[in-house]
Amino acid sequence: MSGSTPTKWVYDFSEGSKDQKDLLGGKGANLAEMTNLGLPVPPGFTITTDACRFYLEHGSTPEELDAQVSEHLAALERAMGKTLGDPADPLLVSVRSGAAASMPGMMETVLNVGLNDASVEGLARQSGSDRFAWDSYRRLIQMFGKTVLGIDGELFDDALDAVKAEQGTESDLDLDADHLRDVVGRYEAIVREHTGRDFPQDPREQMDLAINAVFDSWNAERAILYRRRERIPSDAGTAVNVVAMVFGNLGMDSGTGVAFTRDPGSGEQGVYGDYLQNAQGEDVVAGIRNTVPLPDLRQIDEGAYEELLGIMSRLEAHYRDLCDIEFTVERNKLWMLQTRVGKRTAAAAFRIATQLVDEGLIDMDEAVRRVTGDQLAQLMFPRFVSGGDAQQLTQGMNASPGAAVGRAVFSAEEAVKWADRGEKVVLVRRETNPDDLAGMIAAEGVLTSRGGKTSHAAVVARGMGKTCVCGAEELQVDTKNRRFSAPGGTVVEEGDVISIDGSTGRVWLGEVPVEPSSVVRYFEGEIDPDADDADDLVRSVHRILAHADETRTLDVRTNADTPEDAARARRFGARGIGLCRTEHMFLGDRRRLVEKLILAEGDDERQAALDGLEPLQKQDFLEIFEAMDGLPVTVRLLDPPLHEFLPDLTELSVRVAVAEAEGHHDEGQLRLLAAVRRMHEENPMLGLRGVRLGLVVPGLFAMQVRAIVEAACERLAAGGDPRPEIMIPLVGAVQELEAIREEADRVITEVQEQHGVDVRPLIGTMIEVPRAALTAGEIAQSAEFFSFGTNDLTQMTWGFSRDDVESAFFHQYLDKGIFGVSPFESLDRDGVGRLVELGVEGGRAARPDLKLGVCGEHGGDPDSVHFFHEVGLDYVSCSPFRVPVARLEAGRAALGAERAGG
Ligand code: PEP
Ligand code: MG
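Bear in mind the structure is a predicted one, so any value in this text is a computation, not a measurement. (Residues numbered from 1 in each chain as written. Chains lettered and ligands numbered in written order. Predicted model: local features only at pLDDT ≥ 70, side-chain atom pairs only at ≥ 80, totals over all residues. Heavy atoms only, no water.)

### Section: the domain arrangement of the protein chain
The parts lose accessible area when they come together, and the size of an interface is often stated as this lost area. Defined as follows: An automatic or database domain assignment is the source of the domain bounds shown. Two residues qualify as a contact provided that any one of their heavy atoms is within 4.5 Å of a heavy atom in the partner residue. The buried area of a pairing is the accessible area, by a 1.4 Å probe, that goes missing from both parts when the two are put together, added over both.
The assigned domain composition of the protein chain is domain 1 (10–244), domain 2 (255–344), domain 3 (381–515) and domain 4 (552–641 + 681–894). Once you take the C-alpha centre of each, domain 1 and domain 2 turn out to be 22 Å apart. Opposite the 21 residues of domain 1 that make contact, domain 2 presents 20 residues. Between domain 1 and domain 2, roughly 2,000 Å² of surface is buried when both sides are summed, and carbon and sulfur atoms account for 55% of that area.

### Structural notes on the coordination of the magnesium ion (ligand 2)
Which entries qualify depends on this criterion: Here a donor is an N, O or S atom found within 2.8 Å of the metal, or within 3.2 Å if the metal is Na, K or Ca; sites may look incomplete because water is not among the atoms. A run of H or I in DSSP counts as a helix once it spans at least four residues, and a run of E counts as a strand once it spans at least two, with each numbered from the N terminus. Each residue's exposure class comes from its accessible area (1.4 Å probe, protein chains only) as a fraction of the maximum for that residue type: buried when under 20%, exposed when over 50%, partly exposed otherwise.
Every protein donor of the magnesium ion (ligand 2) is listed here as Glu768 (OE) and Asp792 (OD), and their distances to the metal cover 2.1 Å. Of the two residues, Glu768 sits in the loop between strand E30 (762–767) and helix H29 (770–774) while Asp792 sits in helix H31 (residues 790–798), which places them 24 residues apart along the sequence. Residue class for Glu768 comes out buried when judged on its relative accessible area of 2%.

### So, a negative patch on the surface
Which entries qualify depends on this criterion: Grouping into patches uses exposed residues only, defined as over 30% relative accessible area, and leaves out salt-bridged ones; the cut-off is 9 Å for like charges and 5 Å for nonpolar side chains (Val, Leu, Ile, Met, Phe, Trp, Tyr). Computed by Shrake-Rupley with a 1.4 Å probe, the accessible areas treat only the displayed protein chains as cover when residues are assessed. Salt bridges, as used here, are contacts in which a Lys or Arg side-chain nitrogen is within 4 Å of a carboxyl oxygen on Asp or Glu. The charged-residue count follows a simple rule in which Lys and Arg add positive charge and Asp and Glu add negative charge, with His and chain termini not counted at all. Throughout, a charge is located at the NZ atom of Lys, the CZ atom of Arg, the CG atom of Asp or the CD atom of Glu.
Taken together, the side chains of Asp152, Glu154, Asp157 and Asp158 define an acidic patch exposed on the protein surface. Along the chain, Glu154 turns up in helix H6 (residues 153–166). When its relative accessible area of 51% is taken as the criterion, Glu154 is described as exposed.

### A closer look at the nonpolar core
The test is simple: Among buried residues, those of type Ala, Val, Leu, Ile, Met, Phe, Trp, Tyr and Cys that are joined through side-chain atoms within 4.5 Å constitute a nonpolar core.
Within the largest apolar cluster, 128 residues are counted, with the highest numbers of intra-cluster contacts made by Val541 and Phe786. Broken down by element, this core gets its largest block of residues, 11 residues, from helix H27 (residues 700–717). Of the residues that make up this core, three or more belong to each of domain 2 (255–344) and domain 4 (552–641 + 681–894). Here Val541 is in contact with Phe350, Leu376, Leu379, Val519, Tyr522 and Phe523, once residues within four sequence places are set aside. By size, the runner-up hydrophobic cluster in this structure holds 56 residues, among which are Leu65, Leu76, Leu115 and Ala244.

### Looking at the layout of surface pockets
For the record, the criterion: Each cavity reported here is a set of points on a 1 Å grid over the protein atoms alone in which a 1.4 Å probe fits but cannot get out, each pocket an open set with protein on both sides within 12 Å along at least five of seven lines, and each lining residue one with an atom within 4 Å of a point. Grid points are joined across faces, edges and corners, and a volume is the space filled by probe spheres set on the points. All residues other than Ala, Val, Leu, Ile, Met, Phe, Trp, Tyr, Cys, Pro, Asp, Glu, Lys and Arg, Gly among them, are scored as polar; the first ten of these are nonpolar and the last four charged.
What the second largest pocket holds in volume is close to 780 Å³. For the second largest pocket, the lining is made up of 17 residues, of which Leu225, Arg229, Ile441, His811 and Leu814 are closest to its centre. Among the residues forming the lining of the second largest pocket, the class breakdown is 8 nonpolar, 3 polar and 6 charged.

### Observations concerning the pattern of salt bridges
Counting across every chain of the model gives 59 salt bridges. Among the ionic pairs, Arg706 bridges to Glu750, the shortest N-O distance being 3.2 Å. Separated by 44 residues along the polypeptide, Arg706 in helix H27 and Glu750 in helix H28 (residues 734–755) bring together distant segments of the chain. Residues participating in the shared-partner salt-bridge network are Glu583, Arg636, Asp639, Arg689, Asp792 and Arg802.

### Some points on the site of ligand 1
Filter applied, for reference: Any residue with a non-hydrogen atom lying within 4 Å of a molecule or strand is treated as near it. Polar contacts, as used here, are pairs of N or O atoms within 3.5 Å; protein pairs need one atom able to donate a hydrogen and one able to accept it. Residues neighboring in sequence count only if both atoms are side-chain atoms.
The immediate surroundings of ligand 1 are formed by 14 residues, with Arg581, Arg636, Gly789, Asn791 and Arg802 found nearest. Within the side chain of Glu768, an N or O atom sits 2.9 Å from an oxygen atom of ligand 1. Within the backbone of Asp792, an N or O atom sits 2.9 Å from an oxygen atom of ligand 1. When the free accessible area of ligand 1 is taken as 290 Å², the share hidden by the protein chains comes to 96%. Of all the elements, H31 adds the most residues to the shell around ligand 1, at 3 residues. For the shell around ligand 1, the residue count by class is 3 nonpolar, 4 polar and 7 charged.

What follows is the structure, given as structure tokens:
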């Protein structure tokens, strides 16, 4: 539009702040923040994510970008007193990706932009090192060739290896300036051969092409895969940071490193990180050479070390959280290249949150926001027990905790292949790189022989919550021949089972037994969080959950249909049962009685079958009411198609046919076969089930209601406090509910009169058929509560058979991005959620005191819990092991925390 101010596509570091992540990306926003704190950040500027989105959409950069980049480059040149690519004394820049959400190593970076055949000589003079200049130039051509020009990176590796072989060495450090000049010549030839043009000599052209390549890398395959897994929106785009180069590879007085303000593995306070002398930034993350622990920097360069420690504590106080930092020392001068609130393991997240409370940096509300239900779920996994007969092979670094057992595989492709076949695998590599991502996802755990706690494998595994042991240097990993050997000569071949412990770094041949986690033992009541010897992880979990419980407005119940599950869920914090399914109670020995019920000819036979079932049902409920004494227990009347309790049609047909052929005529079997035929359905999930059964099989629901109320009367007489609620499944019309309700009321009154007590259970319904949600106002006239059955509601809203689609074709739907996560796992807010909202509105309008809950699997899913909080349900109900997760997420939702955590 004419007259409007042109869009600002480029920001100087001094113009941004940490709160502008969406626009400047995480790296750009934090570089700006550090610049404004007065920390030593090399000057630079950030091209916005808006520019990236424009580029991806239009296939070209916005018109004004070129001029804005020129303006900011000129400012950068003034600040540095040098000109980009000046043959006499070149300014060099790095061009770095940086999206709003951290995507470690997934996108591209090009270093040393500005070098060419002329300026390499200037750099040599200025740095006083020919070797350094030529090494920088060959790195530029290599990175640029691969990233920007799309040349296969192995061609460069092979050329470098060839020069090394000619010199009889395996280390690049043995190559001198002339050898590197030779490498550059070979690299330039590769570029010419594969692109039909010379390596671009114009520094500005290099920079522009690198910027576009970073934009393009947003849509690299591995980046897409990573985003899908981490649920990062695919249209966010990346920012690009153009930063003046500082060099960690100018000699032994230079180096580069990574630091954490606390241990991201355990949460312990201290100085954590890795340092690599005479190296450029990417060398550390790539794990190519082994690093030294950060405290060793004190001996190497005390000045830089002390300055770094000072900056670390400043950053922690400023961000009020664990920060991770990348830095470079150039000839004893410290430079900050990046900081961000660091990724951490689940255990560290809980410990650090309460440490920060104790240090007065955050309050308990914030501590609850700082951890997630997924992290809590991870802490509930079992861990290895020592002993057993597995042979310990070695001990590496404990990079990402957890216990993983699986067959050793040596490439990402094999990991994916084996996992697709249903095998559990551990991916073993010398080091990983971003191309290994699919394999890391498929594997139970990752084991590498090189690299420190900040290597690619470690960072990515921690981000995914995947067990990882890295830097197990004693192992000789031979990926070509798919095996590794351990000290003492043990050889582990592809397919051999190994166990790796990400908490201790231990690696075993064979399967190591596992034990329950301390957090589960705490939930079970076996560990007292206030005892002197309770570990501080248990204490942190206890404090945070207690605060979540105080804060949340959603109640948490459980889905349980045995007394054992009910009791466990209660120990885990459930305040009642939201769904007690009664179908399993009709299996096993009782199947015979169900057969009798179905085959009954006439009322007497049917009643006899029901009379046989009733006392058994009553016993089931007695025990469950006892386990949940004083708390509500929602018993759902029988839901699945009756034929599920009968033999399979084909099997029975064959059996009867064989018997007939052998001359055995069995009247009972023939009747059974006829009934099975009669009841056979093409789409049983849409057939005779739920309330329809109750209406069609006389006496069935009445028997269940009688058993519930009898059990409640008996508990009362025994001094208990039973709180039964009766739930009718699959209702689509109020008339269905009314008919069942009438019968139920009659039975309840009858039993009460017999016992002379008053236990009137609430009667309610599931909302799991779209029609029920749409007519919720009418249904509420006859229901005292609704429980959203989001499993069926999802099935019927999408028309997806829940038993078939996930394995049949969901992976293709996920690949095509039709949804980022299965709607059976996490509630589809826009579709199924809309029906839930309609149900809530309609129901509450008709009956303001209507009790509302959810008992589909979504009741234990973190994202979905936030949705149920927002629409104002009274409770969620989930499986016992998800109860703590739901408690925490309900607290976080009440505190307005981000859904997926942050
Ligand atoms: C539901 O449909 O969400 C539900 C809880 O019932 P079920 O899974 O037993 O069909
Ligand atoms: Mg259902």
